[in-house]
Amino acid sequence: MEQIKILLNESDIPRQWYNLAADLPTPLLPPLGPDGKPVSPDMLAPVFPMNLIEQEVSQQRWIDIPEEILNILYRWRPAPLRRARYLEKYLDTPARIYYKDESTSPPGSHKPNTAVAQAWYNKQFGIKKLTTETGAGQWGSALAFACQIIGLECKVFMVRISFDQKPFRKMMMQTWGANCVASPSPETNAGRKILKDMPNTPGSLGIAISEAIEQAVTDPKGQTRYSLGSVLNHVLLHQTIIGLEAKKQLKMINEKPDIVIGCAGGGSNFAGLSFPFVADKINGDDIKIVPVEPTACPTMTRAPFVYDFGDTACTTPLLAMHSLGHSFVPPPIHAGGLRYHGMAPLVCQAIVEGLLEPRAYHQLKSYEAAITWARTEGFIPAPETSQAIAAVIDEAQKAKQERKEKVILFCYSGHGLMDLTGYDAYLSGKLTDYELPQEEMNKYLKELKNYPKAEARKTGKW
Ligand SMILES: Cc1ncc(COP(=O)(O)O)c(C=O)c1O
């Protein structure tokens, strides 16, 4: 019998997070304030607690995971590393496919790895309530779960299209005690303005972020902070537990990956799995590392590297990243969590440096991959995860053509049991492909022309 589940004991859980910022060959460009000058940590203090701001700007390679956080993560961690033996057989490939199964957490994705950490640090800092945005609803439900376990109030602004398409996620948030509203909402200045200008907008992550930040910074008691589920350095840091566990698990069976794959919306599950392997690549290992995105929101594969805001109302600092423009409203594809206009600055700097090979897929191809997966492996993936599976299938087929025994590792970022409306649309032939037209992209990018330029610095080694 071949081993298809590689499990770690609780005592083997990683006790430190890995910070790629310490090892990037070219440093990140600093976030800039409205005056074009680098923002100082105190300027972020109304939005985030200082203990998380310290992690955000840290250059320390390893950061200890507090015992109290590990005690909560044990509910589902260490997560299994599984071998996709049935997909391999179906594809008749010599590739060995492993996946880190992040769908086993209570909300069903990788998101609670940082939600628990963020709620814990906020609580330590004396904060009583967190506000946030959510696209697919995975992040909102993860934060609702974490706030309930840790004892904080939670308010979630959910992108309208997902609020309508995914009522069950909203119910999960309510079950964990959170208050969830559709964004744009009439509750904030940002929301009211957008509703007036575009009453039928499907919403976007950029708009929902603006609303959540506004509500946090205007709390008269100063006891509310904002929490982001992706993009920022500290979020990616908390997710590295995924890759650090996977590394230990692969070592147990004497395997090393040739190819590492993850879907990327804001970059957190991809970074979480891949950054410990990016470190190996920086140190000379030959690994292909592939973040995957939808053609409808082609941030990494088509958008320029620029300074842009993280939200639509321009309340965040300017971040150096690949961006489609902060007012970009993505088409309503079903991979709701991949509809963000920007990408994590750490992921973008690794792209600029040539360490990553981003790729985009159409939604029909990723649903086809999801169906193949569900009919071979049995599990039903989240629409975001399906993008990664499409790339895995392509790489496994290539290995077959080249007759090479490649080892493929990917992040199974979440299950799709709350996303069946997308499957229904695909199976009944109602789903279509969409590729962002260049003219439309230019329209949004034009707004950035007066911002400071982001210099794409690289060593040229990769
Ligand atoms: C299951 C799943 N995978 C991936 C993502 C994309 O986010 P990120 O790029 O931060 O991992 C999301 C976002 O909501 C998600 O729910």
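1. Some words on unusual backbone geometry
Step number 1: Note the cis peptide between Arg77 and Pro78, where omega equals -10°.
Step number 2: With respect to the secondary-structure elements, Pro78 resides in the loop between helix H2 (67–73) and strand E4 (81–83).
Step number 3: A cis amide bond links Ser183 with the next residue in sequence, Pro184, at an omega value of 5°.
Step number 4: Here Pro184 lies in the loop between strand E8 (179–183) and helix H8 (189–197).
Step number 5: One non-glycine residue, Asp92, lies in the positive phi region at around 50°.
Step number 6: As for its placement among the helices and strands, Asp92 is situated in the loop between helix H3 (85–91) and strand E5 (96–101).
Step number 7: The class for Asp92 is exposed, based on 9 C-beta atoms found within 10 Å.
Step number 8: Positive phi, close to 55°, is recorded for Asn254, a residue that is not glycine.
Step number 9: As for its placement among the helices and strands, Asn254 is situated in the loop between helix H11 (241–252) and strand E10 (259–263).

2. Structural notes on the sheet that holds E8
Step number 1: Read across the sheet, four strands follow the order E8-E7-E6-E9 without closing on themselves; strand pairing throughout is parallel. In this open sheet, the two strands that pair with only one neighbour each are E8 and strand E9 (224–226). If you compare each strand with its neighbour and ignore which way they point, the axes differ by 20° on average.
Step number 2: As judged from the three bridges shared by strand E6 (residues 129–134) and E9, these two strands associate in the parallel manner. Counterpart to Lys129 in the pairing with E9 is Thr224.

3. Notes on the sheet that holds E4
Step number 1: Across the sheet, which stays open at both edges, the seven strands sit in the order E1-E4-E5-E15-E10-E11-E14 with mixed pairing between neighbours. Both outer strands of the open sheet, strand E1 (5–6) and strand E14 (359–361), are each paired with one neighbouring strand and no more.
Step number 2: Relative to strand E11 (residues 288–294), E10 is paired through five bridges, and the arrangement is parallel. Residue pairing across strands places Ile259 opposite Lys288, the latter belonging to E11.
Step number 3: Along the sheet, H11 makes contact with E1, E4, E5 and strand E15 (407–412), crossing E5 at roughly 140°.

4. Comments concerning the environment of Tyr426
Step number 1: Positionally, Tyr426 belongs in helix H17 (residues 420–427).
Step number 2: In the structure, Tyr426 is positioned 59 residues away from Tyr367 in sequence and 7.0 Å away in space, judged by C-alpha atoms.
Step number 3: Apart from the residues within four sequence positions on either side, Tyr426 is in contact with Tyr367 and Leu431.

5. Things to note about helix H16 (residues 383–402)
Step number 1: The end-to-end C-alpha separation of H16 is 29 Å, in line with the 28 Å expected for 20 residues at 1.5 Å each.
Step number 2: Within H16, 14 of the 20 residues are buried, which leaves it mostly tucked inside the rest of the structure.
Step number 3: Immediately beyond the C-terminal end of H16, within one or two residues, lies Arg403, with a positive phi of roughly 50°.

6. Side note on the domain arrangement of the protein chain
Step number 1: Domain annotation for the protein chain reports domain 1 (5–12 + 64–108 + 234–446) and domain 2 (112–228).
Step number 2: Of note, the centres of domain 1 and domain 2, computed from C-alpha atoms alone, are 23 Å apart.
Step number 3: Contributions of two or more residues to the side of domain 1 that touches domain 2 are made by H2, helix H10 (233–239), H11 and helix H12 (268–282).
Step number 4: Residue contributions to the side of domain 1 that touches domain 2 peak at four residues, all from H2.
Step number 5: Tallied by class, the residues present in the side of domain 1 that touches domain 2 amount to 15 nonpolar, 14 polar and five charged.

7. A few points about the site of the ligand
Step number 1: Lining the immediate surroundings of the ligand are 21 residues, of which Gln138, Ser230, Gly265, Gly337 and Gly414 lie closest.
Step number 2: Going through the elements one at a time, helix H5 (138–150), H12 and H16 are the ones with two or more residues in the shell around the ligand.
Step number 3: Looking at the shell around the ligand, the element that brings in the most residues is H12, giving three residues.
Step number 4: Partitioned by chemical class, the residues of the shell around the ligand number seven nonpolar, 13 polar and one charged.
Step number 5: Looking at which domains feed residues into the shell around the ligand, each of domain 1 (5–12 + 64–108 + 234–446) and domain 2 (112–228) gives three or more.

Calculation criteria
- Residues numbered from 1 in each chain as written.
- Predicted model: local features only at pLDDT ≥ 70, side-chain atom pairs only at ≥ 80, totals over all residues.
- Helix = DSSP H or I, 4+ residues; strand = E, 2+ residues; numbered from the N terminus.
- Buried ≥ 20, exposed ≤ 12 C-beta atoms within 10 Å, placed from the backbone.
- Pairing = 2+ DSSP bridges.
- Axes fitted to C-alpha atoms, helices over the stretch in contact; angles between N-to-C directions.
- Contact = placed C-beta atoms within 7 Å.
- Expected span 1.5 Å × (residues − 1).
- Domains from an automatic or database assignment.
- Nonpolar A, V, L, I, M, F, W, Y, C, P; charged D, E, K, R; others polar.
- Near = placed C-beta within 6 Å.

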